[in-house]
Amino acid sequence: MTKVDSKQPEVRSLLKSLVALLLVLGCLWASQWQFQRGIDRQDRNSLIEAQLKEPPFSLDEITKDYEKFEWRTVLVSGEFDSKNQILLKNRYSEGVYGYEVLTRFTTNDKRSIWVDRGWVKAGKDALTAPDVPAAPSGEISMTARLRLDRSLPQGAFFALPITGEGMISKLNAQSDSASEGFYLDLLSGSIPTLTPEVPAQVPELSDGPHLAYSLQWIFFAGLIIYGRILIRRGQILTSKEL
């Protein structure tokens with residue numbers, strides 16, 4: 001008659017408990033991660049709200065430490081370079097597909113900057129260029145919102161000539177061409193046609209679902225502990241019956 005090793009059930013039980021412990025630790029780590037994301041988002045929202053309330057200032061006043069001025073409203077003068085214009089695809093406004101229009105701008109102190117001139121509706125099909133308002137020629141003044149290069153949307157861009165006759169080639173937002181490490185969201189300008197019909201939007205300043213997700217992971221950890229207790233009790237009752 002084969003003798004059964006009485007230690008085997010205990011070893012299996014120990015392994016199950018170890019797996020449950022690892023799962024609980026993973027849930028707690030995920031909970032803390034989501035909680036910290038929520039805190040970071042709240043801090044970001046508070047910073048953006050504070051910067052948006054600051055009074056406008058002239059872009060000529062700063063030449064470095066742009067991080068301190070992100071989301072601030074700036075006043076700047078110069079000229080658009082309409083030959084350097086790109087359209088950022090996959091942008092929606094009120095559920096309608098379209099593009100963000102970014103045009104190169106040279107300030108009076110010779111700095112080259114990309115300016116987001118707002119959203120335009122896409123053409124009727126993929127072969128039809130959207131109706132892009134022409135950038136004004138000559139010197140203009142504008143009010144804009146300063147954004148950092150890290151905020152500049154990544155991905156494929158379509159370059160369009162000023163005539164709008166079809167799509168010429170794909171460009172990258174961070175090409176080899178020289179430009180400043182920030183860009184501007186156009187808000188209004190010295191001539192009425194400069195004001196975008198649909199200006200670039202500020203990101204949603206909500207707290208997001210992170211706190212709820214954090215509590216959800218704690219709930220999962222509790223379920224794992226409860227389930228392990230039930231399984232262990234079942235094992236004990238089974239051993240007693242045997």
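Bear in mind the structure is a predicted one, so any value in this text is a computation, not a measurement. Counting from 1, residues in each chain are numbered in the order their sequence is written. Restriction of local features to residues with pLDDT of at least 70 applies here, the model being predicted, together with a cutoff of 80 or more for giving and counting side-chain atom pairs; totals for whole chains, interfaces and linings are based on all residues. Values shown for side chains rest on all heavy atoms present in the structure; no hydrogens or waters enter the calculation.

*Asks:* In this structure, what is going on with the nonpolar core? I would like to understand it.
*Replies:* Note that soluble globular proteins tend to have their nonpolar side chains buried in a common cluster. Here, the term nonpolar core denotes a set of buried Ala, Val, Leu, Ile, Met, Phe, Trp, Tyr and Cys residues that are joined through side-chain atoms within 4.5 Å. Whether a residue is buried, partly exposed or exposed follows from its accessible area with a 1.4 Å probe, protein chains only, as a fraction of its type maximum: under 20%, in between, or over 50%, in that order. With 21 residues, the main nonpolar core has Leu59, Phe80, Met142, Leu146 and Leu184 as its most contacted residues. Runs of E in the DSSP output that reach at least two residues are strands. Runs of H or I that reach at least four are helices, and both are numbered from the N terminus. Counting residues per element, this core draws most heavily on strand 5 (residues 140-148), which supplies 5 residues. Counting 6 residues, the second largest nonpolar core, distinct from the first, contains Val101, Val120, Ala122 and Val132.

*Asks:* I would appreciate a short explanation of the environment of glutamate 61 in the present structure.
*Replies:* Mapped onto the elements, glutamate 61 comes out in the loop between strand 1 (57-58) and strand 2 (73-93). In this structure, the C-alpha to C-alpha distance between glutamate 61 and valine 74, residues 13 residues apart in sequence, is 9.8 Å.

*Asks:* Please explain the environment of threonine 63 as it appears in this structure.
*Replies:* Following the sequence through the fold, threonine 63 ends up in the loop between strand 1 and strand 2. Sequence separation between threonine 63 and glutamate 180 is 117 residues, and the spatial gap between their C-alpha atoms is 9.8 Å.

*Asks:* What is the right way to look at unusual backbone geometry in this model?
*Replies:* For residues besides glycine, phi is generally negative; the peptide bonds are generally trans as well. The phi angle at aspartate 65 is positive, at roughly 50°, despite the residue not being glycine. Inspection of the secondary structure assignment puts aspartate 65 in the loop between strand 1 and strand 2. Non-glycine residue lysine 110 carries a positive phi angle of around 70°. One can find lysine 110 in the loop between strand 3 (96-107) and strand 4 (112-121). Residue lysine 110 is classed as exposed on the basis of its relative accessible area, which comes to 69%.

*Asks:* Looking at this model, I keep getting lost on a nonpolar patch on the surface. Mind explaining?
*Replies:* A contiguous nonpolar patch, built from Val11, Leu15, Leu18, Leu21, Leu22, Leu25, Leu28, Phe35, Leu211, Leu215 and Ile218 and spanning about 1,000 Å² of accessible area, is present on the exposed surface. Broken down by secondary-structure element, the contributors of at least two residues to the nonpolar patch are helix 1 (7-53) and helix 2 (210-241). Looking at which element gives the most residues to the nonpolar patch, the answer is helix 1, with 8 residues. With respect to the helices, strands and loops of the structure, leucine 21 is situated in helix 1. Each patch is built from residues lacking any salt bridge and having more than 30% relative accessible area; the joining distance is 9 Å for like charges and 5 Å for nonpolar side chains (Val, Leu, Ile, Met, Phe, Trp, Tyr). Per-residue and other accessible areas follow the Shrake-Rupley method at a 1.4 Å probe size, with only the shown protein chains counted as cover for residues. The term salt bridge refers to a side-chain nitrogen of Lys or Arg lying within 4 Å of a carboxyl oxygen of Asp or Glu.

*Asks:* Mind showing me how you'd approach the packing of aromatic side chains here?
*Replies:* The relation between two aromatic rings is expressed through the spacing of the ring centres and the mutual angle of the planes. Note on aromatic contacts: the rings of Phe and Tyr and the six-membered ring of Trp form a pair at centre separations within 6.5 Å, being stacked when their planes are under 30 degrees apart, edge-to-face when over 60 apart, and tilted otherwise. Taken as a whole and assessed by the stated rule, the structure comprises 7 aromatic pairs. Between the aromatic rings of tryptophan 217 and phenylalanine 220, the centroid separation amounts to 5.5 Å while the plane-to-plane angle is 85°, which identifies the pairing as edge-to-face. In this pair, tryptophan 217 and phenylalanine 220 both sit in helix 2, 3 residues apart, roughly one turn of the helix. Each residue in the set Trp217, Phe219 and Phe220 is aromatic and connected to the rest through ring pairs, giving one cluster. Should the NZ of a Lys or the CZ of an Arg lie within 6 Å of a ring centre and within 35 degrees of the ring normal, that charge is described as sitting over the ring. Directly above the aromatic system of phenylalanine 80 lies the positively charged group of arginine 117, at a separation of 5.9 Å from the ring centroid.

*Asks:* In this structure, what is going on with the environment of phenylalanine 182? I would like to understand it.
*Replies:* You can see phenylalanine 182 is positioned in strand 8 (residues 182-189). Separated by 35 residues in the primary sequence, phenylalanine 182 and arginine 147 place their C-alpha atoms 5.6 Å from one another.

*Asks:* Please explain the confidence of the model for the chain as it appears in this structure.
*Replies:* When pLDDT is low, close inspection of the predicted coordinates is not appropriate. pLDDT runs from 0 to 100 and stands for how confident the predictor is about each residue. Residue-level pLDDT values for the chain average 79, and 80% of them are 70 or greater. The spread of mean pLDDT over the elements of the chain runs between strand 7 (residues 169-172), the lowest at 36, and strand 5, the highest at 91. Note on contacts: a residue pair is in contact if any heavy atoms of the two residues lie within 4.5 Å. Note that pLDDT drops below 50 for residues 154-175; the model gives that stretch 49 contacts with residues more than four away or on any other chain.

*Asks:* Looking at this structure, how should I read the side chain of asparagine 45?
*Replies:* By secondary structure assignment, the location of asparagine 45 is in helix 1. At a separation of 2.9 Å, a polar atom in the side chain of asparagine 45 contacts the side chain of arginine 44. The contact partners of asparagine 45, leaving out residues within four places of it in the chain, are Glu204, Leu205, Ser206 and Asp207. For this analysis, a polar contact is any N or O atom pair within 3.5 Å, provided that within protein one partner can donate a hydrogen and the other can accept it, and provided that sequence-adjacent residues contribute only side-chain to side-chain pairs.

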